[in-house]
Amino acid sequence: MKNLLNYRFIFLLLVSIFLFSSSFQNLNAQNAKKNKVRLKADYVKIMNEEVYFNIRATSRIGKKNTNVSNIDVTVYNEFDDDKVELGTITTDMKGSSKFVVKDFNSLKADSTNTYNILISFKGNEEFSKASKRITFRNANIEAKLITKDSINYITAKLLDASKDSLISDASLTVQVQRLFQPLFIGDEFNITDEYGTISVPIEKGIPGIDGNLNIEVVLDAHDDFGTVKAIVIAPIGTPIIDESTFDKRTMWSPRNKTPIFLLIFPNLIIFGMWGLIVYLIYNLFKISKHKNIKI
Amino acid sequence: MNNYNIILNDLVPKKFGKRGTIWTIFLIVIIVVGLIAYIDQVNKGQVVTNMRDYALWGIYISNFVFFVATSFVGSVTVAILRLTNNTWRTPLVRIAEIISLAAIVMAGLTIMIDMARPDRLLNLFIYARLQSPITWDVIIVPTSIALSFLLLYFPLLPDLAILKKHFKKTKPKYSKWYGKLSLNWTGSKKQKSIQEKSIKIIALMIIPVGILLQTIDAWLFSTTYRIGWDSTNMGAYFISGAFVAGVGALVTVVYIIRRVRKLENYITDYHFDKIGKLLVLACLIYFYFNINEYLIPIFTAPVQEDIHLNALISGEYAPIFWFSQIVGLILPIIILLFKKGRKPFPMFIVGLMVVVGSWWKRYVIVTPTLLHPFLPIEGVPESWHHYFPSMHEWLITAATLAMASLIITIMVRYLPVVPIQRTADELDLLKTDKITES
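Since the model is a prediction, treat every value here as computed from it, not as a measurement.

Cut-off values and rules
Residues numbered from 1 in each chain as written. Chains lettered and ligands numbered in written order. Predicted model: local features only at pLDDT ≥ 70, side-chain atom pairs only at ≥ 80, totals over all residues. Helix = DSSP H or I, 4+ residues; strand = E, 2+ residues; numbered from the N terminus. Rg over C-alpha atoms; globule rule 2.2 N^0.38 Å. Buried ≥ 20, exposed ≤ 12 C-beta atoms within 10 Å, placed from the backbone. Contact = placed C-beta atoms within 7 Å. Core = buried A, V, L, I, M, F, W, Y, C linked by C-beta atoms within 7 Å. Domains from an automatic or database assignment. Nonpolar A, V, L, I, M, F, W, Y, C, P; charged D, E, K, R; others polar. Pairing = 2+ DSSP bridges. pLDDT = per-residue confidence, 0-100.

Let us now look at the overall build of chain B. Looking only at helices and strands, one finds 16 helices and 0 strands in chain B. Taken over C-alpha atoms, the radius of gyration comes to 23 Å for chain B, in line with the 22 Å a tight globule of 438 residues would show. Its C-alpha atoms give chain B principal-axis dimensions of roughly 75 × 50 × 45 Å. Within the span of chain B, comprising 438 residues, buried residues form 44% of the whole. Long-range contacts, defined here as pairs at least 24 residues apart, represent 83% of the contacts in chain B between residues at least 6 apart.

So, about the nonpolar core. Ile95(B), Ile99(B), Val247(B) and Leu250(B) are the most contacted members of the largest nonpolar core, which totals 121 residues. Among the elements that take part in this core, helix H10 (residues 234–260) of chain B stands out by supplying 16 residues, more than any other. Among the nonpolar cores identified, the runner-up in size contains 41 residues, and Val73(A), Ile154(A), Ala156(A) and Leu213(A) belong to it.

All names here are of chain A. When cut into domains, chain A gives domain 1 (37–136) and domain 2 (139–239). A straight line from the C-alpha centre of domain 1 to that of domain 2 covers 28 Å. On the domain 2 side, the residues contacting the 9 residues of domain 1 number 12 residues. For the side of domain 1 that touches domain 2, the element with the most residues is strand S1 (residues 37–46), which contributes 5 residues. Along the lines of polarity and charge, the residues of the side of domain 1 that touches domain 2 split into 6 nonpolar, 1 polar and 2 charged.

In this assembly, 21 residues from chain A lie in contact with 25 residues from chain B. Looking at side-chain class alone, the side of chain A that touches chain B contains 13 nonpolar, 4 polar and 4 charged residues.

Residue and element names in this part refer to chain A. Note that strand S12 (residues 171–176) and strand S16 (residues 213–222) share 5 bridges and pair antiparallel. The residue of S16 that forms the bridge with Leu172 is Leu219. Two elements, S16 and strand S17 (residues 226–234), share 8 bridges in a ladder whose sense is antiparallel. For His222, the partnering residue across the bridge sits in S17 and is Gly226. Hairpin connection between S16 and S17: a loop of 3 residues separates the two successive antiparallel strands.

All names here are of chain B. Confidence along chain B averages 92 in pLDDT terms, with 97% of residues attaining 70 or more. Averaged pLDDT values for the elements of chain B fall to 64 in helix H16 (residues 420–437) and rise to 97 in helix H15 (residues 391–414). Contacts for the low-pLDDT stretch residues 432–438, under 50 throughout, to residues beyond four places or in other chains number 0 contacts. Both scores are given for the predicted complex: the pTM is 0.74, the ipTM 0.90.

Written out as structure tokens, the structure reads:
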């Protein structure tokens, strides 16, 4: 009887410890300090194509900058004490997201023709709320290809769209689109003149698919106008000759495209050897059949 | 008792004593433990090993290469010595054939152990690409198994018939089995002619097959364009390495069998001296290839290969590298160059050194290269930068080595390790020669 009581007591004690410790844990969880999220955003306009915001979320955790993935950020257009929600987007594994503006004309600027965009994160269990405000003015680049004295030039004009005025003293970059890194053309900085234009000669012999070069004129991360890009498809490149061995018989082709020599010689060796092995096994059979003839 | 009966009595398989039984049980225990580890590996996947994205070939492949190399002993001792009419080979060939068969069978099994999904084994044949060295390996290993088996079996036929007769009264059950396996061998002229012709064909075939096997094994590495493997030397380097591993294994096993089965009258100091000379020749050739393989790149290596060489010579792998070079190659050469070093016991020690050195040499060939890729290893856990086998890998590898030893043990138990008929024939021949001389 005494033992039984002891067991009950121990059981109750263990249950109490368990309950106490779990409630203690909860308390700790509630008091845990949330990490701060840092939001970064850039405005990018590609002429005649799209306008988007590159958004990136990071956090300093344990003295290390960490990408904050899978959080929802909301984008607002602010004007005249008003705020219109443009949409929400979730960050990817790298903490990045690209918010494409469906209709740029629906965005409203303030009285100074400046667009105000608020990017906001509401916060969650792990991270506290954060926001980032960016401003920009609408600029356009008009780029075209011209040929003068057998030399090809890319000319571009930079305009302030709100005022319909030219922008001088701005640095534009001219580059050819490439898979990993763009191929820069001309000087490092091409400064727009008083007419807001630049003119950059394009050297001959730049390879392009079917002879087409996708030449970009870029106003990169400008304080007032953000990033603006115009793309000109110029049929002035050297056509890339496709040297693919995709449909040929090579050592790296699939098995239905095995080189002929590799089909012939190894198979000759294989069948030759296994032919002899079969012959040897047949010899074993022959030995077993010749038991009665003894010398 | 006449001479033939003495030979017969000495050479027929005998029941194991206490030591033999303990040895067999020991091997079975290791195999069972390894089997349990393997079942666990199949269930949980290769996450139980320490192989990861970079070190994707670990000791399983090192072990596979070791078995393939050891199997070369069949080609060397049996075929080459036979074709060059070296009569001293007689008491050694059967043991060499047994080692060869055991090693190549285990090589085939080891490669399956390395497969994360052994149930997909058939896909290797169904979806084979002749461009792939893996396919060449898949073809050559079964070919070698078949040929090694025939190389062992054909010369065994007369001995099996002798054993059938010998055990007829004392052990009729054994006699029945030996009778079946002897394929009604009576020693008729026709049977002898077929047998001799077949052995000749096998002896001729086993050399190119052995060379192909070793070369394909080398090409598995050298066709991958990796640092440390990208060498035109690799095929010849592997053949010479296999020569060393195979003869080393032969010396070790011959010594043990000679001692256990008390065959001192058949496997004499003379045989050890001869095989010692063969081994030192093999070691010298392999040493030459090692100089080519490691010394020249020291002068010419680009940055990445230099890092790899430094890891071998003075870095992480230096202890294993120098162990395999010094203990597995240089010391055996020095010992074997002296006549006293070619006595049975020193030869046994040398054989052990060579076998252990050869095993670690394969580890040095396989693993460090994988951990020195062209692009830096980034964005992976720290442990992936290094490789040392997990307990599962050790247990399974130990089991494969035990299984090879068990195959040899079982064959030693039930087959005459020294050819009875041939030994008797040779002694008769000696007698005839003496009569002729007198």
